[in-house]
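Here is how the chains run, residue by residue.
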Amino acid sequence: MAAGRELVVSFGEMLIDFVPTVAGVSLAEAPAFLKAPGGAPANVAIAVSRLGGGAAFVGKLGDDEFGRMLAAILRDNGVGGGGVVFDAGARTALAFVTLRADGEREFMFYRNPSADMLLTADELNVDLIKRAAVFHYGSISLIAEPCRTAHLRAMEIAKEAGALLSYDPNLREALWPSHEEARTQILSIWDQADIVKVSEVELEFLTGIDSVEDDVVMKLWRPTMKLLLVTLGDQGCKYYARDFHGAVPSFKVQQVDTTGAGDAFVGALLRRIVKDPSSLQDEKKLVESIKFANACGAITTTKKGAIPSLPTEAEKKRVLHLTCPFCLP
């Protein structure tokens, strides 16, 4: 990572989530829905900005009411929008999402195609990407052309300019033509990432093994990586670096909505890493950064919605001192 840079640039999708007005029902049972901004890469950018960091977003929105609303949300949250382009011929993506009473999350997507899928390599803001200290992305932008080619080109530009590459696959099986295609494409760029974060569900999906033991996790380790993380929900996080590995417990809170908790975790961790890149080689510093990220993820679960619940700069001191005001005794 080039010295003196602290900008985190997120690449990928931003969309409108429609969530039921009541909890614990299927999409078919929901009496009504509320709209909420979503999209993991955009959430990460906003998480970084709310914690006082520099962040920008690269992606494509529909030239419609929802697209302009999302662009305004980025702007209002201090995220640079110089990488955002609009498509007059395609709509902003929509997703209906609910957490059913049985604990299973249910999705229904409307993107056939949506604007985010149509971003081309020629539309990339190259100067913005070159300024990134960290270039962060998921896997949804790998599903279809021309966005896949744009994604690969953006990674090349960032890497050549000295950025760390940060990858959170953010698996959404319903969007892929098959499980095999999802696994193949997600792993197709695995070796290029410096920092990778997966959930325990994604770990099982990618390895085919229902376990979070070290020998299973190490199947995803590559010698080129600087950090591999496995998030375990309310059980915390496991970390693997070149010279050390371990686990950091989470904070026990009264959960309301887990949407966006993983994005808050990633944003908070990237914010700490760009401030002090030496934490990738110093286990004590890394553990403190993961504690900070765990706290931010935990706080996010105490409120409804992803973006509205992301910790702000005003909450940062309480998070930094780990005196989480929402934590259970």
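Residues numbered from 1 in each chain as written. Predicted model: local features only at pLDDT ≥ 70, side-chain atom pairs only at ≥ 80, totals over all residues. Heavy atoms only, no water.

If you look the chain up in an unreviewed UniProt entry, it shows as fructokinase from Miscanthus lutarioriparius. The Sequence similarities (unreviewed entry) comment attached to the chain in UniProt states, word for word, "Belongs to the carbohydrate kinase PfkB family." (UniProt positions renumbered as here; feature names shortened; annotations may be inferred.)

K.L.:
Explain the overall build of the chain to me, using residue names and the numbers behind them.
P.N.:
When helices and strands are counted, the chain shows 11 helices and 13 strands. Taking 329 residues into account, the globule formula puts the C-alpha radius of gyration at 20 Å, and the chain, at 18 Å, falls close to it. With the C-alpha coordinates of the chain rotated into their principal frame, the extents come out at 50 × 45 × 40 Å. Here the chain holds 329 residues, and the buried ones make up 56% of them. (Helix = DSSP H or I, 4+ residues; strand = E, 2+ residues; numbered from the N terminus. Rg over C-alpha atoms; globule rule 2.2 N^0.38 Å. Buried < 20%, exposed > 50% of the residue type's maximum accessible area, 1.4 Å probe, protein only.)

K.L.:
Would you mind going over a negative patch on the surface in detail, with residue names and values included?
P.N.:
Together, Glu 200, Glu 204, Asp 210 and Asp 234 make up a region of like negative charge exposed at the surface. Structurally, the position occupied by Asp 210 is in the loop between helix H6 (200-207) and helix H7 (214-217). (Patch = residues over 30% accessible without salt bridge, like charges linked within 9 Å, V, L, I, M, F, W, Y side chains within 5 Å. Areas by Shrake-Rupley, 256 points an atom, 1.4 Å probe, with all protein chains shown as cover. Salt bridge = Lys/Arg side-chain N within 4 Å of Asp/Glu carboxyl O. Lys, Arg positive; Asp, Glu negative; His and termini not counted. Charge placed at Lys NZ, Arg CZ, Asp CG, Glu CD.)

K.L.:
Explain unusual backbone geometry to me, using residue names and the numbers behind them.
P.N.:
Among all residues except glycine, the phi angle is most often negative; among peptide bonds, the trans geometry is most common. Residues Asn 112 and Pro 113 are joined by a peptide bond in cis, for which omega reads -15°. Relative to the elements of secondary structure, Pro 113 occurs in the loop between strand E7 (105-110) and helix H3 (126-130). In this chain, Glu 145 is followed by Pro 146 through a cis amide linkage whose omega measures 5°. With respect to the helices, strands and loops of the structure, Pro 146 is situated in the loop between strand E8 (134-137) and helix H4 (147-160). With a phi angle near 50°, Asn 170 is a residue other than glycine that sits in the positive phi range.

K.L.:
How would you sum up the nonpolar core? Please name residues and give values.
P.N.:
Note on soluble globular proteins: their nonpolar side chains tend to be buried together. Counting 51 residues, the largest nonpolar core has Met 14, Leu 227, Tyr 239 and Ile 290 as the members making the most contacts within it. Broken down by element, this core gets its largest block of residues, 8 residues, from helix H8 (residues 261-275). Sequence-distant contacts of Ile 290, defined by excluding residues within four places in its chain, comprise Leu 229, Cys 237, Tyr 239, Val 248, Phe 265 and Leu 269. Counting residues in each nonpolar core, the second largest holds 50 residues, with Ile 129, Leu 142, Leu 206 and Met 225 among its members. (Core = buried A, V, L, I, M, F, W, Y, C linked by side-chain atoms within 4.5 Å. Contact = heavy atoms within 4.5 Å.)

K.L.:
Can you lay out the sheet that holds strand E6 (residues 94-99) for me, pointing to particular residues and giving the numbers?
P.N.:
The sheet built from 4 strands is open, its strands ordered E3-E2-E6-E7 with mixed pairing. Each end of this open sheet is capped by a strand with a single partner; those strands are strand E3 (33-38) and E7. Neighbour-to-neighbour, the strand axes of this sheet turn through a mean angle of 25°, independent of strand direction. Relative to E7, E6 runs antiparallel, the two being bridged by 6 bridges. (Pairing = 2+ DSSP bridges. Axes fitted to C-alpha atoms, helices over the stretch in contact; angles between N-to-C directions.)

K.L.:
So what about the pairing of strand E12 (residues 237-241)? Which residues, and what values?
P.N.:
Most of E12 sits inside the fold, with 5 of its 5 residues counted as buried. Relative to E12, strand E11 (residues 227-231) is paired through 5 bridges, and the arrangement is antiparallel. Looking across to E12, one finds that Leu 227 is bridged to Ala 241. A loop of 5 residues connects E11 with E12, the two strands running antiparallel in sequence, and Gly 233 in this loop sits at a positive phi of about 65°. Here E12 pairs with strand E13 (residues 245-248) via 4 bridges, running antiparallel. Across the sheet, the residue bridging to Tyr 239 is Gly 246, located in E13. Hairpin connection of E12 to E13: 3 residues between the antiparallel strands.

K.L.:
Residues and numbers for the environment of Phe 205, please.
P.N.:
Residue position: Phe 205 is located in helix H6. When its relative accessible area of 8% is taken as the criterion, Phe 205 is described as buried. Along the sequence, Phe 205 and His 179 sit 26 residues apart, while their C-alpha atoms lie 8.7 Å from each other. The contact partners of Phe 205, leaving out residues within four places of it in the chain, are Leu 171, Glu 173, His 179, Ala 182, Arg 183 and Ile 186.

K.L.:
Describe the sheet that holds E8, listing the residues and the values that go with them.
P.N.:
Across the sheet, which stays open at both edges, the 9 strands sit in the order E5-E4-E1-E8-E9-E10-E11-E12-E13 with mixed pairing between neighbours. Here the strands that pair on one side only, and so sit at the sheet edges, are strand E5 (80-87) and E13. In this sheet, neighbouring strand axes are inclined to one another by 15° on average, regardless of whether the strands run parallel or antiparallel. Bridge analysis of E8 against strand E9 (residues 164-167) gives 4 bridges, and the strand direction is parallel. Bridging across to E9, Phe 135 finds its partner in Leu 165. Of the strands in this sheet, strand E4 (54-62) and E5 are in contact with helix H2 (residues 65-76), which crosses E4 at around 180°.

K.L.:
Could you give an account of the packing of helix H1 (residues 40-50) against H8, with specific residues and numbers?
P.N.:
To characterise two packed helices, one gives the angle between the axes of the helices and the distance between these axes. Between H1 and H8, whose axes approach to 8 Å, the crossing angle comes to 45°. Considering their axes alone, H1 and H8 lie oblique with respect to each other. Like other packed secondary-structure pairs, H1 and H8 cross with a definite hand, here right-handed. Mapping the contact onto sequence places Ala 40, Asn 43, Val 44, Ala 47 and Val 48 in H1 and Asp 263, Ala 264, Val 266, Gly 267, Leu 270 and Arg 271 in H8. Among the residues making up the contact of H1 with H8, the classes are represented as 7 nonpolar, 2 polar and 2 charged. (Parallel < 35°, antiparallel > 145°, perpendicular 65-115°, else oblique. Left-handed = near helix turned anticlockwise from the far one by under 90°. Nonpolar A, V, L, I, M, F, W, Y, C, P; charged D, E, K, R; others polar.)

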